[in-house]
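Residue-level structural notes
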Amino acid sequence: MEKAPQTEYLPTTFTIFGITGDLSRRKLLPSIFHLFRHGLLPEHIEFIGLAIEEKTTEEFHALIADSLRTFVDGTVEENELTQFVSLFSYLQSDITKRDAYDVLQKRMHDSDKKCDAPHQSIFYLAVAPHFFIPIIEHLDASHLTGPCPEYDVKAKIVIEKPFGRDVESAAALNETVLKYADEDQIYRMDHYLGKETVQNMLLFRFTNPVINDSWNPKAIERIEIIASENIGVEQRASYYDTAGALRDMVQSHGLALLSLVTMDEPNSLQSKDIHEKKQEMFETISIFDENNIESSALRGQYEGYTQSDGVAPDSTTETFAQLRLKSSHPQWKDVPMYITTGKMLASKETRVQIHFTPCQSNICKTQGIRTEPNILELRVQPQEGISLKLFAKKPGFYVETQEVEMTFDYNASFSDEQPSPYERLIHDVIIGDQSLFPSTEEVMDQWRIIQPILDTWTSSHDHPPIYTYPKGSHGPAESKQFLS
Ligand code: BG6
């Protein structure tokens, strides 16, 4: 993997709440291990893991080793493992109780000689959302989030989605968080923003004049974002059945992708410039018709969902959501935007499609040539890359065109290993780069956009309908018509 740009790393104490949970074991520990392996952690860093279970240091280190052996691709050498686990200590705690924070504070002071030199504290909340507020309140009460008096280095707090479950709860969460911490201390993880292909979107648009010049409503007919999954709710039914596809995927990942595809060019790639343009764009987006939710959103549920473990037998939670959106931005005024997501579909893939206005030229008209749109596809995953569907003359005596495809494939063009989204984002937290983390305003806009749909879908069981679809299909049959 290529080295990250030269960075001054501060000595760091990195505390993980929920260290024994699924997220820590599957994502955080393997990602931190990759950073360690590639020399992308501060020279002086220590990790403190908190969880409710009793564990000896040996048991804790064995848990880390097991996570790495299970979730890191390739071999983990014993000597790397020994060095890595030595960075971690365990604190058995009930994180809802104040005492836990006194012990944490003591542990941090004992071990890092905090404030003898510039030093940063990172608190990663890898726990269920209902713990966010109590943890942040306790951290504040124990003076763990403030800067050292001698050095103005503020602590950082990392929160996992969901950031609320509607406008009201998101506003309450943000208000509490901002009571105890400043915006520049809060890092909200949306792992889609850490994907290499997603980061490429702005560069691809704004560094290729041929693309940038075509990025306008005269040339673009519609935008489609598709994030399909071929798995179901797995072990997460208790969370998912209270969330659904709209909250789980559209509010965060789907709208984040849409903002990157449509935002104006920022002055630079600095966090503040990116956030400014993203937010300006979000402010212009709304669902297609707030007075007619059925024309703006379609929901579905895969067959057998209600028989899954942990799902209510009469659940009306959607596992498929399709939205039609619009923007009041002069550049995008008449361009419909669609976001589609669902579980248990035919394939796992995330892509953004830009449908260009079909050929209007005299040649097309006079020769009766097929006039379908050219489609530019940005493939986020899998087979990361970009393709452009064009028309070319079919060899032979007749004037006839055929669709052909120009493609760029990440793996074929770049041999470097790509950092995983979590690696990238954790590294950004360590170095204090917030460009890839949604701001308070962005999160609020994302909720504001989907709130009318949430209101309608949750207030009535029979109307609008929830269409069922077979597992492994392309979603409800009605979806085709919705898109047309
Ligand atoms: C998460 C959702 O944010 O993203 C999951 O909570 C979903 O339900 C996952 O499966 C999809 O992420 P990816 O990176 O596999 O597309």
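These numbers come from a predicted model, not from an experiment.

Here is what the cut-offs are and how they apply
Residues numbered from 1 in each chain as written. Predicted model: local features only at pLDDT ≥ 70, side-chain atom pairs only at ≥ 80, totals over all residues. Helix = DSSP H or I, 4+ residues; strand = E, 2+ residues; numbered from the N terminus. Rg over C-alpha atoms; globule rule 2.2 N^0.38 Å. Buried ≥ 20, exposed ≤ 12 C-beta atoms within 10 Å, placed from the backbone. Contact = placed C-beta atoms within 7 Å. Domains from an automatic or database assignment. Pairing = 2+ DSSP bridges. Axes fitted to C-alpha atoms, helices over the stretch in contact; angles between N-to-C directions. Core = buried A, V, L, I, M, F, W, Y, C linked by C-beta atoms within 7 Å. Expected span 1.5 Å × (residues − 1). Arc of directions from axis to C-beta. Parallel < 35°, antiparallel > 145°, perpendicular 65-115°, else oblique. Nonpolar A, V, L, I, M, F, W, Y, C, P; charged D, E, K, R; others polar.

This paragraph deals with the overall build of the protein. A count of helical and extended segments in the protein gives 16 helices and 16 strands. The C-alpha radius of gyration computed for the protein amounts to 24 Å, which stays within 12% of the reference 23 Å derived for 484 residues, consistent with globular compactness. Here the C-alpha coordinates of the protein stretch approximately 80 × 50 × 40 Å along the principal axes. When the 484 residues of the protein are sorted by exposure, 38% land in the buried category. Counting contacts in the protein only where the partners sit at least 6 residues apart, residues at least 24 apart contribute 76% of the total.

For the protein, the assigned domains are domain 1 (12–160) and domain 2 (193–483). In this structure, domain 1 and domain 2 have C-alpha centres spaced 34 Å apart. Every contact between the two is made by 12 residues of domain 1 and, on the other side, 7 residues of domain 2. When contributions to the side of domain 1 that touches domain 2 are tallied by element, the ones reaching two or more residues are helix H1 (22–37) and strand E5 (156–160). For the side of domain 1 that touches domain 2, the element with the most residues is H1, which contributes 6 residues.

Here we take up the sheet that holds strand E4 (residues 120–125). In spatial order, the strands read E3-E2-E1-E4-E5-E6; together these 6 strands make up an open sheet with parallel pairing. The open sheet terminates on both sides in strands that have one partner only, identified here as strand E3 (88–92) and strand E6 (186–189). For this sheet, the mean angle separating the axes of adjacent strands, direction not counted, is 20 degrees. Packed onto the sheet, helix H2 (residues 57–71) meets strand E2 (45–51) and E3 and runs at close to 120 degrees relative to E3.

Time to look at the nonpolar core. In terms of nonpolar packing, the biggest core is built from 111 residues, with Tyr124, Leu125, Ile157 and Val158 touching the most fellow members. Of the domains in this structure, domain 1 (12–160) and domain 2 (193–483) are the two that each give at least three residues to this core. Not counting residues within four places of it along the chain, the set of residues in contact with isoleucine 157 comprises Phe123, Leu125, Ile136, Thr145, Ala181, Gln185, Ile186 and Tyr187.

Residues lying three or four places apart along an α-helix face the same way, a consequence of the helix completing one turn every 3.6 residues. Spanning 14 residues, helix H6 (residues 167–180) covers 20 Å between terminal C-alpha atoms, matching the ideal 20 Å at 1.5 Å per step. Of all the residues in H6, the buried ones are Ala170, Leu173, Asn174 and Val177. Seen from one end, H6 has its buried residues packed into an arc of 95 degrees, which puts them on one side. Away from its buried face by more than 90 degrees, H6 exposes Glu168, Ala172, Glu175 and Lys179. Each element contacted by the buried residues of H6 is listed here: helix H5 (132–141), E6 and helix H15 (440–459).

What follows is about the environment of methionine 263. If you trace the backbone, methionine 263 turns up in the loop between helix H9 (237–262) and helix H10 (271–284). Using a count of 22 C-beta atoms within 10 Å as the deciding quantity, one classes methionine 263 as buried. Along the primary structure methionine 263 and glutamate 276 are separated by 13 residues, whereas in three dimensions their C-alpha atoms are 9.6 Å apart. When neighbours within four sequence positions are excluded, methionine 263 is seen to be in contact with Lys277, Lys278 and Met281.

This part takes up the pairing of strand E7 (residues 220–228). The pairing of E7 with strand E12 (residues 349–356) spans 8 bridges and is classified as antiparallel. Within E12, the residue paired with isoleucine 225 across the bridge is valine 352. Relative to strand E11 (residues 337–342), E7 runs parallel, the two being bridged by 6 bridges. Along E11, the bridge assignment pairs isoleucine 223 with methionine 337.

What follows is about H10. Spanning 14 residues, H10 covers 20 Å between terminal C-alpha atoms, matching the ideal 20 Å at 1.5 Å per step. When H10 is considered as a whole, its buried residues turn out to be Ile274, Lys278, Met281 and Phe282. Viewed along the axis of H10, the buried residues span an arc of 100 degrees, placing them on a single side of the element. Buried residues in H10 make contact with H9, strand E8 (285–287) and H15.

We now examine the packing of H6 against H15. In contact at an axis separation of 9 Å, H6 and H15 are set at 170 degrees when each is read in the N-to-C sense. Accordingly, the angle class assigned to the pair H6 and H15 is roughly antiparallel. Within the contact between the two elements, H6 uses Val167, Ala170, Ala171, Asn174 and Leu178 and H15 uses Thr440, Val443, Met444, Trp447, Arg448 and Gln451. Broken down by class, the residue content of the contact of H6 with H15 amounts to 7 nonpolar, 3 polar and 1 charged.

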